[in-house]
Every structure is written in C-alpha cells, then in structure tokens.
Amino acid sequence: MPDILETNRTQGLRPLTLLQPAKIAFGAGSCLQAVEFLEQRSIPSVALFVSRSTRELSKALVDRLEAAQIAVHLSEPLPAEPTFADAENARKWLRDTAAQAAIGFGGGSVIDIAKIAAATLDESAEILSFVGNGLLPPRNIPLLAIPTTAGAGSEVSPNAIFLDPEAQLKKGVISPWLVPDAAFVDPELTYSLPSGTTASTALDALSHCIEAYANRNAHPLVDVYALKGIQLIFAQLQNALEDGRDTEARSALALGSLYGGLCLGPVNTAAIHALSYPLGSEFKVPHGLANAILMPHLLRFNASAVPERYAEIAAHLGLADTSATAAENADRFIAALEQLCSDCSLPSSLAACGVTAGDIPRMATAALGIKRLLVNNLRDLSQSDAEGIYQNAF
Ligand SMILES: [Fe+2]
C-alpha cells in the first residue's frame with residue numbers, strides 16, 4: 001500500500017483539478033439569490049425540479065421568480081433513489097417546457113435528476129449510454145442547484161447517480177458538465193427536516209469527508225475541506241437533532257455537507273459507498289443510512305492495515321493521545337464515530353433493513369463491481385473481505 005504522504009514527499013503532489021460552480025452562495029435566505037442570477041442573464045423561463053417534500057418549500061422562490069416576470073415550470077414530484085427511466089422522463093419534461101434554465105431544488109436525488117436532464121437536453125442518445133467518466137458533451141442551458149438537505153453535496157459535484165433496475169446496480173454519470181453553474185446553500189431550507197433525515201444525510205456528508213481524507217488518492221487541496229467537514233458535523237449533528245431550528249447547528253451541517261460535496265469531484269468516495277450501493281438498489285435503504293450502518297465496520301477493516309489517516313482525523317477532533325500508536329488513535333476515532341451514529345437513533349444493522357444472511361454473497365459481488373470507487377479505498381477488498389464487512393454489520 002503506498003503511503004500517501006510518502007508518495008507526495010518523494011514524487012511531488014499529483015496534479016489535481018478542482019471543478020466547482022462559478023457561484024456558490026451560502027447562508028440563510030441565499031436561495032432567493034437564484035432570482036437575481038437569472039435576471040442578470042435575462043432568462044425568461046425556468047424549470048424547477050422538486051420532490052413531494054420540496055414542492056411546498058419552493059413556494060417563496062416561485063413567488064419571487066414570478067414577481068420578477070420569470071415563468072416557472074414546476075415538475076411533478078420526483079422520486080427518491082431515481083432510476084434511469086426517471087431521468088429519461090425528467091429530460092423529456094424539460095424539453096417539453098422549453099425552459100431556458102433548470103433548477104434542482106431538493107435533496108441529492110432531485111439535484112441529480114435536474115443535472116442530467118439539463119446536461120443531456122439536446123442529446124438523442126439514452127442517458128444510460130453516458131454512464132462513466134467524461135462522456136457528456138457540453139451543457140447548453142444554465143443549471144442551478146439548491147439543496148434542501150445537508151448531505152449529498154450534489155450541488156457542487158460532477159456526479160449524477162441512478163439505479164439501473166435491470167442490473168440491480170446504481171451507476172454514475174461523471175462529467176464536468178454536471179457541475180452546476182451556481183449553487184445556493186441555504187441552511188434555512190433544512191430547518192423543517194425530520195430528525196431521521198437530518199441524521200442520515202449528515203452521516204452521508206460525513207462519509208464523503210472521511211472517505212476523501214482516508215483515500216488512496218487523497219490530496220492536500222481537498223484534505224482541508226474534508227477535515228473541516230468532519231469537525232463541523234461531529235461538533236453539531238447532535239445539536240441539530242435536539243433542536244431542528246438551532247441556526248448554528250443547521251449552518252454547520254449545511255457547511256459540512258458543502259465541504260463533503262467539494263470532496264466528491266477531485267478525490268471522491270471509496271468502499272463505504274461501493275458497499276452501500278447494493279443496499280440502496282436492492283433493499284431501498286436510504287443512501288445516508290446505508291453508509292452510516294457500514295461506516296464503522298469498513299473503517300475498522302481499513303484501519304487494521306492502514307491506521308494513519310484515521311489517527312490524523314482523531315488528532316483533528318481532539319481525540320488522539322500523543323503517546324498512543326496510530327492504530328490506537330484510529331480506534332479512538334472509529335469508536336467516537338460509532339457513538340455518533342448510535343446517538344442518532346437510526347437502524348444500526350443490515351438485519352434491521354430487511355437483509356438476510358443469504359443476501360450477503362450477492363451483495364458483496366455487486367459491490368465489488370463498483371471499481372471506480374474501490375480503486376480509491378485504502379485497502380483492496382476481496383469477495384470474502386466484503387462478505388465479512390457485511391456480516392459484521394449484520
Ligand atoms: Fe454519498
């Protein structure tokens with residue numbers, strides 16, 4: 001296993017490109033800046049992608065857009081855990097509206113759908129044919145993203161993930177043209193989230209930061225985002241769960257989620273996400289919850305061979321003992337993470353999500369197919385390693 005820091009010392013930092021929205025607005029009320037963004041560009045009409053839960057939440061924005069004489073086409077409620085068929089339907093709807101810009105207003109699923117619909121608007125090929133890295137041509141209309149959860153980070157990432165039901169796999173389209181032109185991260189939109197969603201989405205953001213920091217392709221340019229995101233979420237998740245209107249806690253989680261999103265393009269996630277995908281595709285376990293269940297078990301597997309990066313996270317969280325070994329400090333971090341997850345009162349086992357022991361070998365085979373993420377993991381995983389991690393989480 002190459003030591004990341006040693007490689008950086010001996011070979012120089014590897015080249016890295018950061019692709020981010022040209023405009024990132026953060027803060028309470030910032031979502032209304034989307035109106036100004038469209039006005040400045042004389043855009044007369046916009047397609048607003050929403051879910052069942054964000055349709056009502058979008059009312060203030062819709063009112064402001066209409067007051068500015070911008071015609072709003074409001075989507076039907078979009079599903080969670082969308083399929084490629086859902087993405088195709090959304091693209092057709094966007095074409096039918098003839099809107100001049102698109103806004104994704106929701107959690108990661110809604111934003112992913114808005115991203116792919118806008119980016120493939122003028123393409124005739126099916127969206128499934130763009131699965132992979134760098135296969136999309138340039139996008140032709142402006143794309144704005146307004147997250148209403150603090151977790152996925154899709155508002156700043158080049159990824160859009162959909163379920164292929166035939167293959168029972170989640171597949172990713174990755175392209176610079178999926179990075180929105182503008183992201184408006186408004187913590188006020190998260191105040192009314194139920195605690196279960198707050199917890200699972202925050203733990204998803206936390207997993208983005210942890211997997212980007214402890215990653216074969218980690219990079220100092222991204223480490224700063226990852227560490228800051230980890231600190232914020234550790235410090236404030238419990239406060240947000242105790243009082244959903246705690247403005248400081250909600251801002252911290254929104255910022256932590258944004259930091260996690262900024263990790264996704266240049267470094268990306270690793271085996272936690274690879275192993276969590278079969279839980280989403282086959283058992284419909286919400287993405288953040290699947291990550292939360294697997295996270296401590298996968299980190300123990302990694303840390304047993306490569307503890308250093310986890311020990312560094314422990315130090316940044318003030319959990320490390322300077323006289324202890326890296327392995328001991330990694331254990332301190334993982335124990336604190338396990339405590340944070342259990343304090344969230346989420347289901348904590350695969351069995352609680354409807355998985356049976358007989359499902360594990362099939363899930364392990366499916367997860368090992370997600371090579372684009374596994375290549376980032378600090379340790380290689382065999383079939384029996386993946387099955388062992390699922391069994392530990394069972
Ligand atoms: Fe994620």
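Residues numbered from 1 in each chain as written. Predicted model: local features only at pLDDT ≥ 70, side-chain atom pairs only at ≥ 80, totals over all residues.

## A look at the packing of helix α7 (residues 195–213) against helix α8 (residues 220–242)
Alright, step 1. One can describe the packing of α7 onto α8 by two numbers: an axis separation of 8 Å at closest approach and a directional angle of 155 degrees. With respect to their mutual orientation, α7 and α8 come out roughly antiparallel. In the packing of α7 onto α8, the handedness of the crossing is left-handed. Along its contact with α7, which presents S195, T198, A199, A202, A205, L206, C209, I210, A212 and Y213, the element α8 presents V222, D223, A226, L227, G229, I230, I233, L237, A240 and L241.
Alright, step 2. Of the residues in the contact of α7 with α8, the class split is 16 nonpolar, three polar and one charged. (Axes fitted to C-alpha atoms, helices over the stretch in contact; angles between N-to-C directions. Helix = DSSP H or I, 4+ residues; strand = E, 2+ residues; numbered from the N terminus. Parallel < 35°, antiparallel > 145°, perpendicular 65-115°, else oblique. Left-handed = near helix turned anticlockwise from the far one by under 90°. Contact = placed C-beta atoms within 7 Å. Nonpolar A, V, L, I, M, F, W, Y, C, P; charged D, E, K, R; others polar.)

## Quick look at the domain arrangement of the protein
Alright, step 1. Once the domains are mapped, the protein shows domain 1 (23–190) and domain 2 (193–392).
Alright, step 2. For domain 1 and domain 2, the distance between their C-alpha centroids amounts to 26 Å.
Alright, step 3. Listed by partner, the interface residues are 22 residues for domain 1 and 29 residues for domain 2.
Alright, step 4. At three residues, the largest contribution of residues to the side of domain 1 that touches domain 2 is made by strand β8 (residues 169–174).
Alright, step 5. Looking at the side of domain 1 that touches domain 2, its residues break down into nine nonpolar, 10 polar and three charged. (Domains from an automatic or database assignment.)

## Some points on unusual backbone geometry
Alright, step 1. A positive phi is found at Q168, a non-glycine position, where the angle reads about 50 degrees.
Alright, step 2. Along the chain, Q168 falls in the loop between β7 (159–164) and β8.

## Remarks on the sheet that holds strand β9 (residues 182–185)
As a general point, the strands of a sheet are linked pairwise by backbone hydrogen bonds and lie either parallel or antiparallel.
Alright, step 1. Taking strand neighbours across the sheet as the criterion, the six strands line up as β1-β9-β6-β4-β2-β3 in an open arrangement whose pairing is parallel. Each end of this open sheet is capped by a strand with a single partner; those strands are β1 (23–26) and β3 (71–74). Ignoring strand direction, the axes of neighbouring strands in this sheet form an average angle of 20 degrees.
Alright, step 2. Across four bridges, the pairing between β1 and β9 is parallel. Across the sheet, F26 pairs through a bridge with V185, a residue of β9. (Pairing = 2+ DSSP bridges.)

## Notes on the pairing of β8
Alright, step 1. Extensive coverage of β8 is indicated by the burial of five of its six residues.
Alright, step 2. Two strands pair when backbone bridges link them, and strand β5 (residues 132–133) and β8 are joined in this way by two bridges, in the parallel orientation. Considered in β8, the bridge of N133 is made with I174.
Alright, step 3. Counting the residues that bridge the hairpin from β7 to β8 gives four residues, and of these Q168 lies at a positive phi of roughly 50 degrees. (Buried ≥ 20, exposed ≤ 12 C-beta atoms within 10 Å, placed from the backbone.)

## Some words on the packing of helix α10 (residues 271–283) against helix α14 (residues 360–368)
Alright, step 1. With their axes 8 Å apart at the nearest point, α10 and α14 run at an angle of 125 degrees to one another. Looking at the two axes, α10 sits oblique to α14. As for how α10 packs across α14, the hand of that crossing is right-handed. Together, A274, L275, Y277 and P278 of α10 and M363, A366 and A367 of α14 make up the contact between the two elements.
Alright, step 2. Taken together, the residues of the contact of α10 with α14 sort by class into seven nonpolar, no polar and no charged.

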